[in-house]
Every structure is written in C-alpha cells, then in structure tokens.
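The primary structure of each chain is shown beneath.
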2 protein chains.
Amino acid sequence: MGRRRQSVTIKHVAADAGVSLQTVSRVINNEPNVRPAMKERVQASIDKLGYVPSIAAQRMSGSRSYLILAINDRDLTIADWKAREGRDWVDQMLLGGMLTCAEHGYRMLIELVDTHSDHVERELGAAIAALQPDGVILTPPHSENSLITGLLAEKGIPFARIGSKQEGPGIAMTMGDSHNARLATDHLIELGHERIGFIAGPEDFSLSGWRMEGWASALEDAGFSSEGLCERGDFGFESGARAAERLLGLTEAPTAIIASSDQMALAVLEVARRRGLNVPKDLSLVSFDNSPIVRFTQPALTAIDQPIAATAARAVELLIDARKKPAPAEPVQIQGELVVRGSTASARVDAGS
Amino acid sequence: MGRRRQSVTIKHVAADAGVSLQTVSRVINNEPNVRPAMKERVQASIDKLGYVPSIAAQRMSGSRSYLILAINDRDLTIADWKAREGRDWVDQMLLGGMLTCAEHGYRMLIELVDTHSDHVERELGAAIAALQPDGVILTPPHSENSLITGLLAEKGIPFARIGSKQEGPGIAMTMGDSHNARLATDHLIELGHERIGFIAGPEDFSLSGWRMEGWASALEDAGFSSEGLCERGDFGFESGARAAERLLGLTEAPTAIIASSDQMALAVLEVARRRGLNVPKDLSLVSFDNSPIVRFTQPALTAIDQPIAATAARAVELLIDARKKPAPAEPVQIQGELVVRGSTASARVDAGS
DNA sequence: TTGAAAGCGCTAACAA
DNA sequence: TTGTTAGCGCTTTCAA
C-alpha cells in the first residue's frame, strides 16, 4: 500500500502559480496583504489543481485544527442508542453542530466521556492531546464538572457549557429552562388549571432547579400555590411513575402535571391510565424535550421543545469566534417553545360531568 | 491566546526516560526491537507525564490518521434529522462504528455528501484531502456510486461498501437482505398466508432487488405465486400509500404485505385503516428497518431488524485491518432478524368470521 | 537493539 | 506586498 501522501500540496500550487508558499498560505487563509491580481492567480491554481489544505499540517504549524469536539456522557448516550426509543438528542446536536461547522470549514466530532469515573481528566485530556480541537462543547452533566472545565480552561481551549449559568471560564449557555417551564405553566393556567403538579429532574442538573423555579413563579404570579405539588425524579421512567403516584394520590390531586422529561411524562400517562384517568379530560400533561417519542403516544403530548440544534449551532459559532472576540459576558440563552398537542385540555370546572 | 502547542510531546518523554525519540515512537506503536526493560521504562515515563501522541503529527509523518470517515447522503440525513420522527440510522452507525473505533484508538467522523450532485468527487475529494482518513464507510446510495468508489480506489484508501455485493475495489457488505425478506415471508407463510404482497424499494438501491428476490423465492419454495403482488416504492410514505392502494385494490388482494421500509409500512397501515381493514386480523404487515417508530404504531409492527450497528462495527474492524490483511474476497454478510410484534397474525381461512 | 538525520505540509516570524 | 527561514511532533529511512 505504501505511505499515503497528500496528492496536491501547497508546493504544487506555489509552483503552478509561480509564487511562494507563503503567498498561497495567505490566500488560503484569506489574509490581508495580497494584491487582488495575485490572489486571483493563486486561486486559479488552487481550483485547477483541486487543492485542499491538510488539516493535520495546518494544526502542526500552530494554526487551527478545524475540529470541534462535542462531549457527551458515555453511559447515557450508549443507553439511548441501545434502547432505540427514538431519543434524538445526539442527532439534533449533529444537525445544529455539524452543519454549522461545515459552513465554516470545521468538522464536529463526538466524544463519549464517562462523567462519573475518576479518570475523567485522563479521558478528556487524551482526547484533547490527540485531536487538539479548536473548541469543545460540553453537555450536561459535564457542563458543570469542575474537573472538566478546569482542564479546558488550563489548556486554553474555548468551550461552551450547555445547561449552565455558572460564572467562570467557558461560554455559559442555557435553553431557557425557567422561561420554558413558565410557558408550560401559563398554558395550563390559561386552560383553567389551578393545581398544577411538577415532576422535577435530579438535583445535579442545574436546569432541574431552573425549571422548578419557572413553574413555581408562574403559579405564584397567577395567585395559585405550588406547595406540595413538586416531586423529584431522575428523568427516567420509574422515577416518573413514583412521582406521578404520589401526586395523583394527593387528596387535592393536581388537574395537570408538567414532567421534566419525556420518559417521566410517559410514566405519568401510564399511571393515569392505571388509575382510570383520561388524558386530557381528567388530567392535562406537558412534557419536556419534545423528542420523537411524544408524538406517538395516545394522546400525543403537548411538549416544550428544547432547541438543541439551535443551541449547538450557536455554540459552534461562538467557539469559532472565540479566537477573535471574547466570550459573551452573560449566559447565552436560546429559548424553547411550547408545542401544543393532544394531552392538554381545559380543566373541568365542575367535578361532575 | 497565543498558539497552542502540545503540552507533553514525544521529546519530553524521551528526555524523561533518557532515550531517543525513536525508541519512544517504537513503544507507542508497539513495534518490535525494543527490549522489555526499555519498553517498561519508556512506558513509565509516558504514564507519568500523561503523554498522548498527536494524531496530526502522526499523520504528518506518513503514518495513520486514526480517522474513519462515514459518508452519508446529505439530503436524506438532514431530512431525517429535521423530521424528528425517530429514525435512528445515524445513531446506530455511531453506536457500532464509534465504539469500535474507540477500542482501537480511532475516531469516527460523519461526513455528509450530496450523492446526486455533479460535484460528488470534489466534495469527497476535499474531505479526504483535509482529513486523510485511514478508511471510509459508504452507505447506500453512495456504496455503488462509481465516481466515489473510483476516487477512493485511486487514492488507495480502504473503504467498505454497505449494501453492495458488486465486485471491485472496497469491501462489499450486506445486511442479508435476501435472507431477511425470506425470513419475513416464511413467518407469514407459517401463519397460513398464501397471497403475500411486497412493496419494494427503488431500483437504484441494489438491496431493493435482493429483498424482492428473497420474498419471491420463499413464496415459490412454498408453492405460492408472487405474480402481480409486487409494487415498487421509493422508501417514502407517499409511494407506500400508492403501492398499498394498488395491492389492496386487487380482486385477489393479498392477506399480508411486506414493506421495504418503515415509512412505507406506516403508509400501508394508514391505507388499511381507510379501507376498514383491521391489522392484523384482516391484513398482516411486516416492515423493514425496525426503527423506533414501528413500536409506537397501533398495533406495533412486526419488523426485520437491520443490524446497522453490527455492520458498522464490522466495517470499522475490516478497515483497520485493511493495512495488514487483504479485504475479504466474498461480500461480508451480517444477518438481520425478525422481531415479531402485533401486526402479524394467522390468515383467516374462511372469508366470513 | 538503539539512535541520528531528514522530512511530512503548513504557518509564524522575520526580512526584503 | 511578497518571499525566506525555521520549526511544529512525529515517523521513516539509514547508520551505529
């Protein structure tokens, strides 16, 4: 097979155009100090020869690697892929991230890292040393892992923290969780609901708190109480079922429930069915995530759409800009929206009909 | 920000261990001619310093890039991602491909290429020149695009053609389409069906033909006719609906239908509903793909599971081995399996009940 | 079995 | 505005 070498290099272009390597390099990188005529001549040679710079060589000479690394939790991601239940978090990241990368001549690479192990630093450090990415996108629960953010900061690699508002190095980004929860709550209030239950996510996700806060404050603003109407889950089905049992077992049971994940929403649906409650007649239900799964339930679920693709796209842009502009001072917020489907309806005013 | 350089390089390790660069290189690459004691000493320094080789530098010096490129059709992939209907083809490729890559110190990168444009060569050529991948995985409809396979062969880059049995350069791989279609057909025959319709995929996918052939030969072996019971679609919903209308409109309508994609199967379900046919009582239905979507229909669909993850995993292994071993002479076949759910049932013997 | 030298393709720094 | 030089981190010769 022999060693594969670049077929067309900067040298070929330089020779063809009759200029120095440096001039070609300047044209490639769109740098100033090249006369238009010169630029045109070089570009013609580039096109003629079909030259494309090697990112390995570019990286070697101290320039960019044109690589953005998206770090996801290993166990969670693999579990989702194996379950084949249609969760498309990764796909949406790719949709937003890859396409935006492509627009700028970058590539996005997914890396799975085990959050809960004690060798996070080793794993991530190895990926960074091997790939030398120009930017890193962190997703929860990595976004607030100080072992990770510390390492990245130390290495001077720009990174985005999706789902984090914390101060500190890196670009904080959120999907407007508080706002979104309020959106869902207001929707239910408009439908006449007054007792609206909430199933929160686990405490180690900051966004769990933000969502709770959005729900509670929306209720308060409307003059209703949130007291005793919040249960915590871990985003999984089982925990959602337990939470639903507790909420629906209350003497003053809620007439609507907001679940912080689609799995927990499915659990609510199931528990309601077992208890003979009709959704949406007896119980309205709003889910977070809006992953494909919620369209196929009976009824299809009203859901908060998490703007994952838009957030990933924005993250890539900010990361690429990071070499010039400083990171935004405030957390970057991409707002989600409410998608109304069949699981929410007017509250029954009279307990009878 | 300044230029980011590798923090720990082979030089540091060499200095720490008191040996030459070359010796360290030999240890990294597990090459012979290193005394065990020496190897141990070097390895100790590597571990101590947390050294990880830069793939850019490795690639530069004519060695591997440790990159495997998975080429998918741009429009198809983006459409799937945007539709958010749970198709997880990409996820399954990542599941099989990425994890296997990781086991061998490789990374997998997805690249979207526009098949139908006239600049396929330019697009793919650019990706190859930029990334210098050690191997490429082609998925349909790229697998049998001679512009692509020709380019890859010319550049001497090992590649796998998923969904292709053709002779020629590259590793041909199939997911056992003929066998799978037979599996589905035999399942229906065992349930007592004799008139089994088939909705084929488009002609430019070789696998469309293989599936047809599996279905037809299974029918023939059982002594039944396939005459007039095959309609062609394009894998999409609309085409499936048209095909279903034609099949169910026959005077001797089939009592069971096999659809070559889940979208077409959904269409059959819809057409059956419109015609007042109960699935599975009046009509049995088997789908290809087994993507998440088919579990959420009413009833859930019996489906052929395409072993995408396993195939991607095997492709990666073969590609990595390609530098040593020659490619397999015969097409590599990873068989799928039938997942029985609620859309198939016994054929009614009497037309009455 | 080990080491020294050369060079991969490119860019930063400097010189003209 | 353009060109020259040196060097990135590594592996491949080739020599010891």
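By convention here, each chain's residues receive numbers from 1 onward along its written sequence. Chains and ligands are labelled by the order in which they are written, letters from A for the one and numbers from 1 for the other. Two thresholds apply to this predicted model, a pLDDT of at least 70 for residue-level local features and 80 or more for giving and counting side-chain atom pairs, whereas whole-chain, interface and lining totals are computed over all residues. As a rule here, side-chain values come from all non-hydrogen atoms in the structure, and water together with hydrogens is ignored.

1. Side note on the sheet that holds strand S3 (residues 135-138) of chain B
All names here are of chain B. The rule for pairing is simple: two strands pair if DSSP sees at least two bridges between them. Per the convention used, a helix needs a DSSP run of H or I reaching at least four residues, while a strand needs a run of E reaching at least two, with both numbered from the N terminus. The strand order across the open sheet formed by six strands is S2-S1-S3-S4-S5-S11, and the pairing between neighbours is parallel. Strands with a single pairing partner mark the edges of an open sheet, and in this sheet they are strand S2 (107-113) and strand S11 (332-333). With two bridges joining them, strand S5 (residues 171-174) and S11 adopt parallel strand pairing. Counted as the bridge partner of Met 173 is Val 332 from S11.

2. Comments concerning the protein's contact with DNA strand C
Throughout, near means a residue has at least one heavy atom within 4 Å of the molecule or strand. Around DNA strand C sit 29 residues in total, of which Ile 10, Gln 22 and Tyr 51 of chain A together with Thr 23 and Asn 33 of chain B are the nearest. In DNA strand C, atoms within 4 Å of the protein come 69% from sugar and phosphate. When contributions to the surface near DNA strand C are tallied by element, the ones reaching two or more residues are helix H1 (10-17), helix H2 (21-28) and helix H4 (55-60) of chain A together with helix H2 (21-28) of chain B. For this classification, the nonpolar set comprises Ala, Val, Leu, Ile, Met, Phe, Trp, Tyr, Cys and Pro, the charged set comprises Asp, Glu, Lys and Arg, and every other residue, Gly included, is treated as polar. Among the residues forming the surface near DNA strand C, the class breakdown is nine nonpolar, 14 polar and six charged.

3. What to know about the relation of the copies chain A and chain B
C-alpha atoms of residues with pLDDT of at least 70 in both copies form the basis for the least-squares superposition of the copies. In the superposition of chain A on chain B (RMSD 0.1 Å, axial shift 0.1 Å), the rotation amounts to 180 degrees. Taken together, the rotation and translation describe the operation of a two-fold axis. For this analysis, residues touch if any pair of their heavy atoms sits within 4.5 Å. Both copies share a contact surface, since 100% of the interface residues of chain A are interface residues in chain B too.

4. Overview of the environment of Ala 160 of chain A
Residues and elements named next belong to chain A. If you trace the backbone, Ala 160 turns up in strand S4 (residues 159-162). Along the backbone, Ala 160 and Ile 196 are 36 residues apart, and their C-alpha atoms lie at a distance of 34 Å. For Ala 160, the contacting residues outside a window of four places in its chain are Val 136, Ile 137, Leu 138, Ile 171, Met 173, Ala 315 and Leu 319.

5. Considerations on the sheet that holds strand S3 (residues 135-138) of chain A
Residues and elements named next belong to chain A. What the six strands build is an open sheet, ordered S2-S1-S3-S4-S5-S11; its pairing is parallel. Taken across any chain shown, the strands that pair with only one partner, and hence form the sheet edges, are strand S2 (107-113) and strand S11 (332-333). By the bridge criterion, four bridges tie strand S1 (residues 67-73) to S3 in an arrangement that is parallel. Bridged to Ile 68 within S3 is Gly 135. Note on method: axes are straight lines fitted to C-alpha atoms, helices fitted across the in-contact stretch only, with angles between N-to-C directions ranging 0 to 180 degrees. On top of the sheet, helix H5 (residues 74-83) reaches S1 and S2; it is set at about 80 degrees to S1, its chief contact.

6. Observations concerning the UniProt feature "domain: HTH lacI-type" (unreviewed entry) in chain A
This chain's UniProt record puts "domain: HTH lacI-type" (unreviewed entry) on residues 8-62 of chain A. The annotated region residues 8-62 of chain A carries 65% helix and 0% strand content, and the separation between its end C-alpha atoms amounts to 21 Å. UniProt positions are given in the numbering used here, feature names are shortened, and annotations may be inferred rather than shown by experiment.

7. Let's talk about the environment of Ala 218 of chain A
Residues and elements named next belong to chain A. Looking at where Ala 218 falls in the secondary structure, it is placed in helix H10 (residues 206-221). For each residue, the accessible area found with a 1.4 Å probe, counting protein chains only, is set against the maximum for its type, and the residue is called buried under 20%, exposed over 50%, and partly exposed in between. The exposure class assigned to Ala 218 is buried, which follows from its relative accessible area of 2%. Sequence separation of Ala 218 and Ala 253 is 35 residues, and the distance between their C-alpha atoms is 19 Å. Excluding its chain neighbours within four sequence positions, the residues that come into contact with Ala 218 are Arg 182, Thr 185, Asp 186 and Ile 189.

8. A word on the packing of H2 of chain A against helix H3 (residues 36-49) of chain A
Residues and elements named next belong to chain A. Packing of H2 against H3 brings their axes to within 10 Å, and their N-to-C directions diverge by 90 degrees. One element, H2, and the other, H3, form an angle in the roughly perpendicular class. Contacts between H2 and H3 involve Thr 23, Val 24, Val 27 and Ile 28 from the former and Met 38, Lys 39, Val 42, Gln 43 and Ile 46 from the latter. The residue makeup of the contact of H2 with H3, split by class, is six nonpolar, two polar and one charged. Under this scheme an angle from 65 to 115 degrees is roughly perpendicular, one under 35 degrees roughly parallel, and one over 145 degrees roughly antiparallel; angles in between are oblique.

9. Here's the deal with the pairing of strand S4 (residues 159-162) of chain B
Residue and element names in this part refer to chain B. Neither face of S4 is left uncovered, since the one carrying Phe 159 and Arg 161 and the one carrying Ala 160 and Ile 162 both have all their residues buried. Bridging between S3 and S4 involves three bridges; their strand directions are parallel. Opposite Ile 137, over in S4, you have Ala 160 as the bridge partner. Regarding topology, helix H8 (residues 146-155) serves as the crossover connection from S3 to the parallel S4, and that connection is right-handed. Summarising the sheet, S4 and S5 pair through three bridges and their orientation is parallel. The residue bridging Ala 160 from the neighbouring strand is Ile 171, located in S5. By convention a crossover is right-handed if, when the strands point away from the viewer, the path from the first strand over the helix to the second runs clockwise.

10. Some points on unusual backbone geometry
Residue Gln 298 of chain A is joined to Pro 299 of chain A through a cis peptide bond whose omega torsion reads -10 degrees. Inspection of the secondary structure assignment puts Pro 299 of chain A in the loop between strand S9 (284-289) and strand S10 (302-305). In this structure, Pro 280 of chain B follows Val 279 of chain B across a cis peptide bond, with omega equal to 10 degrees. Within the element layout of this structure, Pro 280 of chain B appears in the loop between helix H12 (262-274) and strand S9 (284-289). A positive phi angle, near 50 degrees, is found at Arg 84 of chain A, a position not held by glycine. With a relative accessible area of 10%, Arg 84 of chain A lands in the buried category. Despite not being glycine, Asn 33 of chain B shows a phi value in the positive range, around 65 degrees. Examined against the element boundaries, Asn 33 of chain B turns out to sit in the loop between H2 and helix H3 (36-49).

11. Description of the interface of chain A and chain B
One frequently used descriptor of interface size is the decrease in accessible area upon assembly of the parts. Residue-level contacts link 59 residues of chain A with 59 residues of chain B. Between Lys or Arg on one side and Asp or Glu on the other, a salt bridge is scored when a side-chain nitrogen of the former is within 4 Å of a carboxyl oxygen of the latter. Taken together, the links from chain A to chain B amount to six salt bridges. With its nearest N and O atoms 3.1 Å apart, the salt bridge here joins Asp 305 of chain B to Arg 84 of chain A. Any N or O atom pair separated by 3.5 Å or less is treated as a polar contact, with the protein-specific requirement of one donor-capable and one acceptor-capable atom, and with residues adjacent in sequence counted only for side-chain atom pairs. At the surface where chain A touches chain B, the tally comes to 22 residue pairs in polar contact (both at pLDDT 80 or more). When residues of the side of chain A that touches chain B are traced back to their parent elements, those giving at least two are H4, H5, helix H6 (89-103), S2 and helix H7 (120-131) of chain A. The greatest single-element share of the side of chain A that touches chain B, amounting to seven residues, is contributed by H6 of chain A.

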